[in-house]
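Coordinate inspection notes
Listed below, chain by chain, are the residues.
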Protein chains: 2
Amino acid sequence: MDTRKLIEVCYTPGEYAYFKDEFEIVVVIDVLRATSAICAAFDNGIASIIPVPTVEEAWEYKQKGFLAGAERKGQIVEGFDFGNSPFSYMKEEFKGQEVVLTTTNGTKSLDVAKDAEIVVVGSFLNLNHLNQWLAKQDKNILCLCSGWQDKFNLEDTICAGAICDHLINTGNFTSVEDSSIAAKYLYLSAKDNYLGFLKSSSHRRRLKNLNLNEDIKYCLTPNQTNVIPILRNGKLVNISEN
Amino acid sequence: MDTRKLIEVCYTPGEYAYFKDEFEIVVVIDVLRATSAICAAFDNGIASIIPVPTVEEAWEYKQKGFLAGAERKGQIVEGFDFGNSPFSYMKEEFKGQEVVLTTTNGTKSLDVAKDAEIVVVGSFLNLNHLNQWLAKQDKNILCLCSGWQDKFNLEDTICAGAICDHLINTGNFTSVEDSSIAAKYLYLSAKDNYLGFLKSSSHRRRLKNLNLNEDIKYCLTPNQTNVIPILRNGKLVNISEN
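What you see is a predicted model; the values in this text were computed from it and never measured.

Conventions adopted
Residues numbered from 1 in each chain as written. Chains lettered and ligands numbered in written order. Predicted model: local features only at pLDDT ≥ 70, side-chain atom pairs only at ≥ 80, totals over all residues. Heavy atoms only, no water. Helix = DSSP H or I, 4+ residues; strand = E, 2+ residues; numbered from the N terminus. Rg over C-alpha atoms; globule rule 2.2 N^0.38 Å. Buried < 20%, exposed > 50% of the residue type's maximum accessible area, 1.4 Å probe, protein only. Contact = heavy atoms within 4.5 Å. Areas by Shrake-Rupley, 256 points an atom, 1.4 Å probe, with all protein chains shown as cover. Lys, Arg positive; Asp, Glu negative; His and termini not counted. Charge placed at Lys NZ, Arg CZ, Asp CG, Glu CD. Pairing = 2+ DSSP bridges. Salt bridge = Lys/Arg side-chain N within 4 Å of Asp/Glu carboxyl O. Polar contact = N/O pair within 3.5 Å; in protein donor to acceptor, adjacent residues only side chain to side chain. Nonpolar A, V, L, I, M, F, W, Y, C, P; charged D, E, K, R; others polar. Least-squares fit on C-alpha atoms with pLDDT ≥ 70 in both. Arc of directions from axis to C-beta. Phe/Tyr/Trp six-rings, centres within 6.5 Å; stacked < 30°, edge-to-face > 60°.

1. Brief notes about the overall build of chain A
Helix and strand counts for chain A come out as nine helices and eleven strands. What you see for chain A is a C-alpha radius of gyration of 17 Å, in line with the 18 Å of a compact globule of 242 residues. Seen through its C-alpha atoms, chain A measures out along the principal axes to roughly 55 × 40 × 35 Å. Looking at chain A as a whole, 60% of its 242 residues qualify as buried. Counting only contacts in chain A whose residues sit at least 6 apart along the sequence, the fraction spanning at least 24 positions is 76%. Put simply, chain A shows about 9700 Å² of open surface, and 44% of that area lies on carbon and sulfur atoms. Counting 25 positive and 31 negative side-chain charges, chain A places the averaged centre of each group 4 Å from the other.

Shown next as structure tokens:
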């Protein structure tokens, strides 16, 4: 009998319903830029993040005195203090704080996945440490890519493919879905040069037009932090011990 | 100004709604096996095929005296004469006939796309001739993969990637969606050995377990026919002149 656990990839939040029942762990991925920003925020000492799906909910929190961020179409929503640039969390004033965040795609995925047993945040920034942590859990794992407005995107898929590749190589995990097999292929083609591979990707072009090249480079640079952000009672907290 | 037309890839019928408005031509692809069987049927002289989404509709036609086929979960539905094996259409009795067909994924995609200006059937079997025909149309083209039960599949994606690669190389078409870029990458990785590349694909395993290896080999062998089946008033007919 095959006792290996599953590691699979779902390309968009809209397809999550076709996958969800088999998986105890959901890794939410939005490389450009929500889950990268969340990892950067915890790396910089934030206490917790309340992800909310709508701008209205984020605004309600802001009215109550919370630090609140909102991004739509790659830009900070008017009236909010920050969006989803990782650099916006690298300020002294954020240390130890609880903040609220809504983004176009990433917080939507977190909302879609919220009833899973464990919801964890993945990005290139925490890739190695996340892989090591996932490998120890002995549970079926689904990588949920956030995509772009309900469509497939390359950068999330390649990050998910990197997780598949690592876990399959431990010998304790297997993939049976074609989406996971393709994600792994795309990762193996991209891994030596993420920036080059993704130069034609649609979201990279979109952000480049908004002068966000520094954000892109940062978000595509693996292993800058050991944080493991997980969702607990509606809040993201960092459970990493190192 | 960029005057090139679009060639894009949608991975599943469920995502078609996010794409459809920009495209005058939809190429419906279900390599294993509906659109391969449809190409084989026209190559063998069938007059027309009425695709229907449900078994109930196919049964109604059968009661009226039509030749009717139905496939679900890779097998012929009880009471019907044939399913979606390409070999089932290679019989003398089909020549000049009109038949009715419902399949798990392929006829569903045809139904989803039916309001597009032009709906054409693609597979590896008619790949070169279809590419040449598409290149002459000067219209925006969407490849609609049928997937497997609303999920991504590799074989349809690779066939779509082959169409993207050909049309982009003419210089008159471009892709902007990440799904199209990934499909092209996957095609370029697979093109020298479709059978080998797809050996781990989920649907190939599924069909192999049903002893359908001959079907798989046939469906993955490019350029066996010049047929161009298009949807006209709810029926598929072959508009190829050679």
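2. Some details on the pairing of strand β6 (residues 98–102) of chain A
All names here are of chain A. Burial runs high along β6: four of the five residues are buried. In this sheet, β6 lies alongside strand β3 (residues 48–51) in parallel orientation, the contact comprising four bridges. Bridged to Ser-48 within β6 is Glu-98. By the bridge criterion, four bridges tie strand β4 (residues 67–72) to β6 in an arrangement that is parallel.

3. As for the interface of chain A and chain B
Taken together, the contact pairs 24 residues of chain A with 24 residues of chain B. Our enumeration of links across chain A and chain B arrives at two salt bridges. The partner of Lys-151 of chain B in a salt bridge is Glu-177 of chain A, with the nearest N and O atoms 2.8 Å apart. Along the contact surface separating chain A from chain B lie five residue pairs in polar contact (both at pLDDT 80 or more). Ranked by residues supplied to the side of chain A that touches chain B, first place goes to helix α6 (residues 178–190) of chain A with six residues. When grouped by side-chain class, the residues that make up the side of chain A that touches chain B number eleven nonpolar, six polar and seven charged.

4. A few points about the relation of the copies chain A and chain B
When chain A is brought onto chain B, the operation consists of a screw motion whose angular component is 180° and whose axial shift is 0.0 Å, with 0.0 Å RMSD remaining. The superposition operator between the copies reduces to a two-fold rotation axis. Every residue of chain A has its C-alpha some distance from the rotation axis, and the shortest such distance is that of Leu-186 of chain A, at 3.8 Å. Most of the interface of chain A is mirrored in chain B, where 100% of its interface residues again form contacts.

5. Examining the pattern of salt bridges
Residues and elements named next belong to chain A. Scanning the model with the defined rule gives 18 salt bridges over all chains in all. When the shortest N-O distance is used, the salt bridge between Lys-108 and Asp-150 registers 3.1 Å. Note that Lys-108 is positioned in helix α3 (residues 106–113) and Asp-150 in the loop between β8 (141–145) and α5 (154–169), a separation of 42 residues in sequence. According to the relative accessible area criterion, Asp-150 is buried, its value standing at 17%.

6. Structural notes on helix α1 (residues 34–43) of chain B
Side chains that are three or four residues apart share a direction in an α-helix, a result of its 3.6 residues per turn. Residue and element names in this part refer to chain B. Burial of α1 is extensive: nine of the ten residues sit out of reach of the surface. Along α1, the positions that sit buried rather than exposed are Ala-34, Thr-35, Ser-36, Ala-37, Ile-38, Cys-39, Ala-40, Ala-41 and Phe-42. Following α1 by one or two positions, Gly-45 has its phi on the positive side, about 90°.

7. Notes on helix α3 (residues 106–113) of chain B
For α3 of chain B, every residue scored as buried is listed here: Gly-106, Thr-107, Ser-109, Leu-110 and Ala-113 of chain B. For α3 of chain B, the arc enclosing every buried residue in end-on projection is 155°, short of the 170-degree limit, so these residues lie on one face.

8. Regarding the pairing of strand β7 (residues 118–122) of chain A
Residues and elements named next belong to chain A. Within β7, five of the five residues are buried, which leaves the element mostly enclosed by the surrounding structure. The alternating pattern of β7 places Ile-118, Val-120 and Gly-122 and Val-119 and Val-121 on opposite faces, both of which are buried. With five bridges joining them, strand β2 (residues 25–29) and β7 adopt parallel strand pairing. Each bridged residue has a counterpart across the sheet, and for Val-28 the counterpart in β7 is Val-121.

9. Considering the side chain of Asp-215 of chain A
Residues and elements named next belong to chain A. One can find Asp-215 in helix α9 (residues 213–219). Owing to a relative accessible area of 4%, Asp-215 belongs among the buried residues under this scheme. Side chain to side chain, Asp-215 and Arg-33 meet in a polar contact 2.8 Å long. Side-chain polar atoms of Asp-215 contact the side chain of Ser-85, separated by 3.0 Å. Contacts of Asp-215, omitting those with residues within four sequence positions, involve Arg-33, Ser-85, Pro-86 and Phe-87.

10. Brief notes about the packing of aromatic side chains
Ring pairs (aromatic) are described by centroid distance and by the angle formed between their planes. For the structure shown, the criterion picks out 21 aromatic pairs over all chains. The interplanar angle of 85° and the centroid separation of 4.8 Å between the aromatic rings of Tyr-11 of chain A and Phe-152 of chain A together place this pair among those described as edge-to-face. Residue Tyr-11 of chain A is found in the loop between β1 (5–10) and β2, and its partner Phe-152 of chain A is found in the loop between β8 and α5; the two are separated by 141 residues along the sequence. For the pair shown, Tyr-11 of chain A and Phe-152 of chain A are each scored as buried. Cluster of aromatic residues (ring-pair linked, three or more members): Tyr-11 and Phe-152 of chain A together with Tyr-11 and Phe-152 of chain B.

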